[in-house]
Amino acid sequence: MSSPASPTDDAPVLSIVSVVLDEAANIRPVCQELADALAHLPPAEVIFVDDGSTDDTVAILQAVRAEGILPGLRILSHDRRLGKSAGLRTGIEAARGKWIATLDGDGQDNPFEFIRMFELAQQTPGRAPLVVGVRAKRRDRLSRRLATRFANGLRRRLLHDGCPDTGAPLKLFLRQDFLRLAQFEGLHRFLPSLMGRHGVPLVCTPVDHRSRLHGQSKYTNLNRALVGIRDVLGVMWLNRRARIPDSITER
């Protein structure tokens, strides 16, 4: 298990975290594009969390680091598959940046979107927001688009979180806002509702979405639907049981 990061004077402003599982065919071009985007972002680190891959994902990540494509790349590995939310928790706990940006490792997300997302976060008055990159035009199979549309519609009706696409991989938020949330698998799909309960404002912005470079999704539509319904009910329970003050005064 990774140990929590301790901020230092030379800590990066931004930590980019990606959870990957058996993405050997995709990971090198994803890293190259990340390296190109870093030149346009505030000081940043990149963290890949390998969620129990059985292919060459980790070996390729190590080669990318050794070749100087991402010389400061941090690679964290689970001993077995635990799920995306657990992987995000591992990476964010280890992160040194104040801000966290997340993306998938399949090549569907464009890391250059983080430039505009970070600008939006800086321009938002008041409390730092959660910025969600909403996939304006999904590049997935029809069956997956329909399943996602159903899940998003159900979630919005029940949670009233104001976000049209909470499963979008591209997100930007404060590290401390994520770490205060209770951990459970599926957490990453409910950040607008859970962070909003803590007073974090939501900013949604359209982003580019591309076809996977290689391979296929690790999740089936039936699995996503059944688990999603259960999780929505769990989040409703969490939100109703939460007791959070609007302000705190020290006297």
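Everything below is about the structure shown above.
Residues numbered from 1 in each chain as written. Predicted model: local features only at pLDDT ≥ 70, side-chain atom pairs only at ≥ 80, totals over all residues. Heavy atoms only, no water.

Trainee: If you had to explain the overall build of the protein chain to someone new, which residues and values would you point to?
Mentor: A tally of regular secondary structure across the protein chain gives 8 helices and 7 strands. Of the contacts formed within the protein chain by residues at least 6 apart in sequence, a portion of 82% connects residues at least 24 apart. Of the roughly 12600 Å² that the protein chain leaves accessible, carbon and sulfur atoms contribute 53%. (Helix = DSSP H or I, 4+ residues; strand = E, 2+ residues; numbered from the N terminus. Contact = heavy atoms within 4.5 Å. Areas by Shrake-Rupley, 256 points an atom, 1.4 Å probe, with all protein chains shown as cover.)

Trainee: Account for the environment of Val132, naming residues and giving values.
Mentor: Among the structural elements, Val132 can be located in strand β5 (residues 130-135). Residues within four places of Val132 in sequence aside, it is in contact with Met117, Cys163, Asp165, Ala168, Leu170, Lys171, Pro192, Leu202, Val203, Cys204 and Thr205.

Trainee: Report on the packing of helix α1 (residues 27-38) against helix α2 (residues 57-66), specifying residues and quantitative values.
Mentor: α2 packs onto α1 with a crossing angle of 35° between their chain directions and a minimal axis gap of 9 Å. In the packing of α1 onto α2, the handedness of the crossing is right-handed. Every residue of α2 that contacts α1 at Ile27, Arg28 and Cys31 is listed here: Thr57, Ile60, Leu61, Ala63 and Val64. Each residue belonging to the contact of α1 with α2 can be placed in one class, and the counts come to 6 nonpolar, 1 polar and 1 charged. (Axes fitted to C-alpha atoms, helices over the stretch in contact; angles between N-to-C directions. Left-handed = near helix turned anticlockwise from the far one by under 90°. Nonpolar A, V, L, I, M, F, W, Y, C, P; charged D, E, K, R; others polar.)

Trainee: Account for the nonpolar core, naming residues and giving values.
Mentor: Formed by 32 residues in total, the largest nonpolar core has its most connected members in Ile16, Phe48, Trp99, Phe114 and Leu172. Where this core is concerned, the elements lending two or more residues are β1 (14-20), α1, β2 (44-50), α2, β4 (99-102), α4 (113-123), β6 (171-174) and β7 (202-207). Those residues in contact with Phe114 that lie beyond four places of it in its chain are Ile16, Leu41, Ala101, Thr102, Leu103, Leu170 and Lys171. Counting residues in hydrophobic clusters, the runner-up holds 27 residues, among them Cys163, Ala168, Leu194 and Val232. (Core = buried A, V, L, I, M, F, W, Y, C linked by side-chain atoms within 4.5 Å. Buried < 20%, exposed > 50% of the residue type's maximum accessible area, 1.4 Å probe, protein only.)

Trainee: Help me get a handle on the pattern of salt bridges, residues and values and all.
Mentor: Across all of its chains, the model carries 11 salt bridges by this definition. For Arg135, the salt bridge identified is with Asp165, shortest N-O distance 2.8 Å. Of this pair, Arg135 sits in strand β5 while Asp165 sits in the loop between α5 (142-159) and β6, and the two are 30 residues apart along the sequence. Across this residue pair, the class does not change: Arg135 and Asp165 are buried. The network of salt bridges with common partners includes Glu45, Arg74 and Arg96. (Salt bridge = Lys/Arg side-chain N within 4 Å of Asp/Glu carboxyl O.)

Trainee: Lay out the sheet that holds β2 with the relevant residues and their values.
Mentor: Hydrogen bonding along the main chain pairs the strands of a sheet, whether they run parallel or antiparallel. Taken together, 7 strands build an open sheet; the order of strands is β3-β2-β1-β4-β6-β5-β7 and the sheet is mixed. Edge positions in the sheet fall to β3 (74-77) and β7, since each has one partner strand and no second. Within the sheet, the average angular offset between the axes of one strand and its neighbour, ignoring direction, is 20°. Direction of pairing for β5 relative to β7: parallel, over a ladder of 6 bridges. Its bridge partner being in β7, Leu130 is matched across the sheet by Leu202. Lying over the sheet, α4 contacts β1, β4, β5, β6 and β7, oriented at roughly 155° with respect to β7. (Pairing = 2+ DSSP bridges.)

Trainee: Now, about empty space enclosed by the protein: what can you tell me, with residues and values included?
Mentor: Applying the stated criterion across every chain yields a total of 2 cavities of 30 Å³ or more. As a volume, the second largest cavity reaches approximately 60 Å³. Considering the residues around the second largest cavity, the lining is formed by Lys84, Leu88, Thr102, Leu103, Gly167, Ala168, Pro169, Lys171, Phe173, His188 and Leu191. Put simply, the parts of the chain that give the lining of the second largest cavity at least two residues each are α3 (84-94) and β6. A class-by-class count of the residues in the lining of the second largest cavity yields 6 nonpolar, 3 polar and 2 charged. (1 Å grid on protein atoms, 1.4 Å probe; cavity = no way out; pocket = protein on both sides within 12 Å on 5 of 7 lines; lining within 4 Å. Points joined across faces, edges and corners; volume = space filled by probe spheres on them.)

Trainee: Tell me about the environment of Ala168, and please be specific about residues and values.
Mentor: Structurally, Ala168 is set in the loop between α5 and β6. Between the C-alpha atoms of Ala168 and Thr102, which are 66 residues apart in sequence, the distance is 9.6 Å. Setting aside residues no more than four positions away along its own chain, Ala168 makes contact with Val132, Gly133 and Arg135.

Trainee: Which residues make up the packing of aromatic side chains, and what values go with them?
Mentor: Scanning the model with the defined rule gives 2 aromatic pairs in all. Taking 5.9 Å as the distance between ring centres and 75° as the angle between the ring planes, the aromatic pair formed by Trp99 and Phe118 counts as edge-to-face. Placement of the pair is Trp99 in strand β4 and Phe118 in helix α4, with a sequence separation of 19 residues. Pair check on accessibility: Trp99 and Phe118 agree, each one buried. Centre to centre, the rings of Phe173 and Phe178 are 5.8 Å apart; their planes meet at 20°, and the pair counts as stacked. For Phe173, a relative accessible area of 2% gives the class buried. For Phe178, a relative accessible area of 1% corresponds to the buried category. (Phe/Tyr/Trp six-rings, centres within 6.5 Å; stacked < 30°, edge-to-face > 60°.)

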